[in-house]
Amino acid sequence: MSSYLTRRTLLAVIATLALGLVPATAQDARRGYVPAARDAVRAVAAEHGMVVAQEKISAQVGADILRRGGNAVDAAVATGFAMAVTYPRAGNIGGGGFMVIHSADRNEDITIDYRETAPAATTPQIFLGPDGKPDVTKSRDSALGIGVPGTVAGLALALEKYGSGRFTLTQLLEPAIALARDGFVVSDDLADTLPSWHRRLARWPSSAKIFSRPDGTPLVQGDRLVQADLAATLSAVAAQGPRGFYEGPVAEQLAKAVTDAGGIMTPADLKTYQAVIRAPVRGTYRGYDIVSMPLPSSGGVVLVETLNILEGFQLADLKQGSAASLHLLIEAMKRAYADRARYLGDPAFVKAPIETLTAKDYAAKLRAGISTDRATPSKELVSAATTPREGSNTTHFSVVDGRGNAVSNTYTLNFSYGVGLVADGTGVLLNNELDDFTAAVGASNAYGLVGFEANLPGPGKRPLSSMSPTIVLRDGKPVLVTGSPGGSRIISTVLQVIVNVLDYRMDVAAAVATPRLHHQWLPDEVRVESGFPSDVLGELKAMGHVIVEPMGQTSANSILVTSSGPLGAADPRTRGAEASGQ
Ligand code: DON
């Protein structure tokens, strides 16, 4: 197996060299910028299809569907449901997300918006305290922060419209149901994160009983995680379709659990939930087409705006990871994130100037304001104030099949394990997504992202997101499938993977592994991962950048499509991610 893979990897590398999609020299990817732990990362080659996901059992579930003749959407749906079982900190049916699909079968690029909605009783003041100021415990730590989950509707819609027709929803749910019913062995990232998040889960007995050992301590590596109620809920969906989740006993239990915990979600909120098919945000970058997520995600708009700004600079002439190159990335990020704060929100509620923000001439104006040797202070871009905070978790997986279809999917409970509440009797772990609203004009969410009127809470409204599942095409065919968790850092992560592959021709594994940085306009600071050489950071400081370590976690599970097959890059930043090919 491994010698087969080695041979396939070599073939694929030769093929990508021919495509021009590999670093001019392999050292480009490694020259001092990759910390030792990430140094040995290699892309996994496959002949036909590939699933790269944050948890290996679920990646294999998807790859198995590809092997059995499913298309990328079939595989994504199976992986998405399986991760709701095996990766409970972000894989979910109690949260929401976004899927970008390149359907070669239908010659179409499309997105599925299954973002959570605010319950009908939501008011713009819902997250304010008695003093009229934002009370973050309401949106982050209480049941008021729970949005109506969208994942079941979203995955079912994707399958109905873009599946191959070879698999029913019931068939694709089978692996998830078996994993929940029979359990699986706790390992990798689950074992790493449960100890620190267990106290949050244990606030509710319904959660504690699932994630604890008999003595009440968190499950540890090697224990078995069985989720019988979750198996029953997934079985209800298998039997009745989304109605098994959004109506009847499961919906009633979900609403009861939320209201018992002090929230306001009703069975009617669940019954009226709709996933939405939306046209993607499109852009071009150096001859490639960028297909990404539209509002209510800010991801596609900010990504395209940033790439448009950068297109006017010859990045490839500047060394990857050099201060000169990083400075331009930072300046482009800053400007696009400032526009995010000012203009973006749920398109059902606000009219955002998307055409302007994604236009090349608008980018040219912004570019003209960039000095190549001095950081522009954020307050010169637009004035506002914020207090930042680091936050944590979401998950991204990328899928391609042998027929030219591609799926880029990011979904989340917002924080790791969401609000921590498992709705009793359902096994469904619920989100705290409504913290992504702006609690008051000028306030910021858990990721320090400032917002204004466009993103205030409202009934039925979807909070603005940063999730940026993205597909890069050349001549109508997928070249790169990428995306990431990481709250505000998602968009800058996707940007850097794209720049590393398209400008710097890095091998996809190195493009993903190499250290990243992040600027989001406010606070006016550059967050950096470990691994940047001190002289580079020194040069950035000399230009006026405020450098702050660490940068919160991201994980860009990506696929590069080459003429000899896909190359999968599982992000090495956390344990457990896997590229599973066939
Ligand atoms: O939708 C968003 O932008 C956030 N709720 C995503 C949260 C996230 O990525 C957390 N992961 N580190």
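Residues numbered from 1 in each chain as written. Predicted model: local features only at pLDDT ≥ 70, side-chain atom pairs only at ≥ 80, totals over all residues. Heavy atoms only, no water.

A. Geometry of the UniProt feature "active site" (unreviewed entry) in the chain. As annotated by UniProt and renumbered to match this structure, "active site" (unreviewed entry) occupies Thr394. Locating Thr394 in the fold gives a position in strand E10 (residues 394–400). Judged by its relative accessible area of 6%, Thr394 is buried. For Thr394, the residues in contact, after removing those within four places along its chain, are Ala90, Thr410, Tyr411, Thr412, Asn414, Met467 and Pro485. Looking at Thr394, its side chain comes within polar contact range of the side chain of Thr412, at 2.6 Å. (UniProt positions renumbered as here; feature names shortened; annotations may be inferred. Helix = DSSP H or I, 4+ residues; strand = E, 2+ residues; numbered from the N terminus. Buried < 20%, exposed > 50% of the residue type's maximum accessible area, 1.4 Å probe, protein only. Contact = heavy atoms within 4.5 Å. Polar contact = N/O pair within 3.5 Å; in protein donor to acceptor, adjacent residues only side chain to side chain.)

B. Representation of the site of the ligand in the model. Every one of the 16 residues lining the ligand counts as a neighbour, but Thr394, Glu433, Asp436, Ser465 and Gly487 are closest to it. Contact distances for the ligand include 2.9 Å between a nitrogen atom and a backbone N or O atom of Asn393. The separation between a nitrogen atom of the ligand and a polar side-chain atom of Glu433 is 2.6 Å. Out of a free accessible area of 340 Å², the ligand has 98% covered by protein chains. Grouping the amino acids of the shell around the ligand by side-chain chemistry returns four nonpolar, nine polar and three charged. (Near = heavy atom within 4 Å. Areas by Shrake-Rupley, 256 points an atom, 1.4 Å probe, with all protein chains shown as cover. Nonpolar A, V, L, I, M, F, W, Y, C, P; charged D, E, K, R; others polar.)

C. Focus on empty space enclosed by the protein. According to the stated counting rule, one finds eight cavities of 30 Å³ or more in the structure shown. Considered as a void within the structure, the second largest cavity measures approximately 100 Å³ in volume. Lining the second largest cavity are 17 residues, with Asn414, Asp436, Tyr447, Ser466 and Gly487 positioned closest to its centre. Here the lining of the second largest cavity is built from residues that sort into five nonpolar, eight polar and four charged. (1 Å grid on protein atoms, 1.4 Å probe; cavity = no way out; pocket = protein on both sides within 12 Å on 5 of 7 lines; lining within 4 Å. Points joined across faces, edges and corners; volume = space filled by probe spheres on them.)

D. Structural view of the environment of Pro175. Note on placement: Pro175 falls in helix H8 (residues 169–182). When its relative accessible area of 22% is taken as the criterion, Pro175 is described as partly exposed.

E. Focus on the sheet that holds strand E7 (residues 276–278). With antiparallel pairing, seven strands are arranged side by side in an open sheet as E7-E4-E3-E11-E10-E2-E21. In this open sheet, the two edge strands, each paired with only one partner strand, are E7 and strand E21 (578–581). Averaged over all neighbouring strand pairs, the angle between strand axes comes to 15°, with direction disregarded. Where E10 meets strand E11 (residues 406–412), seven bridges bridge the pair, whose relative direction is antiparallel. Counted as the bridge partner of Val400 is Ala406 from E11. Each of strand E2 (50–53), strand E3 (96–103), E10 and E11 touches helix H5 (residues 72–86); the most contacted strand, E10, lies at about 155° to it. Against the sheet, helix H7 (residues 151–162) contacts E3, strand E4 (108–114), E7 and E11, and its axis sits at roughly 160° relative to E4. (Pairing = 2+ DSSP bridges. Axes fitted to C-alpha atoms, helices over the stretch in contact; angles between N-to-C directions.)

F. Broad picture of the pairing of E10. For E10, the tally of buried residues reaches seven of seven residues, placing the bulk of the element in the interior. Side chains of E10 alternate between two faces, with Thr394, His396, Ser398 and Val400 and Thr395, Phe397 and Val399 buried alike. Here E2 pairs with E10 via three bridges, running antiparallel. Among the inter-strand pairings, Val51 is bridged to a residue of E10, identified as Val399.

G. Spatial organisation of the pairing of E3. Most of E3 is tucked away: eight of the eight residues are buried. In E3, alternate side chains face the same way, and those of Gly96, Phe98, Val100 and His102 on one face and Gly97, Met99, Ile101 and Ser103 on the other are all buried. As defined by bridge partners, E3 adjoins E11 across seven bridges and the pair is classed as antiparallel. Directly across from Met99, in E11, lies its bridge partner Asn409. Both E3 and E4 contribute to a ladder of seven bridges, which runs antiparallel. Bridging across to E4, Val100 finds its partner in Thr111. Taken together, E3 and the strand that follows it, E4, pair antiparallel across an intervening segment of four residues, in which Asn107 is found at a positive phi of about 50°.

H. Main features of helix H15 (residues 299–311). The end-to-end C-alpha distance of H15, which contains 13 residues, comes to 18 Å, matching closely the 18 Å that a straight helix rising 1.5 Å per residue would cover. Counting buried residues in H15 gives 12 out of 13 residues, a clear majority hidden from the surface. (Expected span 1.5 Å × (residues − 1).)

I. Geometry of the packing of H15 against helix H18 (residues 360–368). Two elements in contact, H15 and H18, have axes separated by 8 Å at closest approach and are oriented at 65°. Between H15 and H18 lies a crossing of right-handed hand. Judged by residue contacts, Glu305, Asn308, Ile309 and Glu311 of H15 engage Lys360, Tyr362, Ala363, Leu366 and Arg367 from H18. (Left-handed = near helix turned anticlockwise from the far one by under 90°.)

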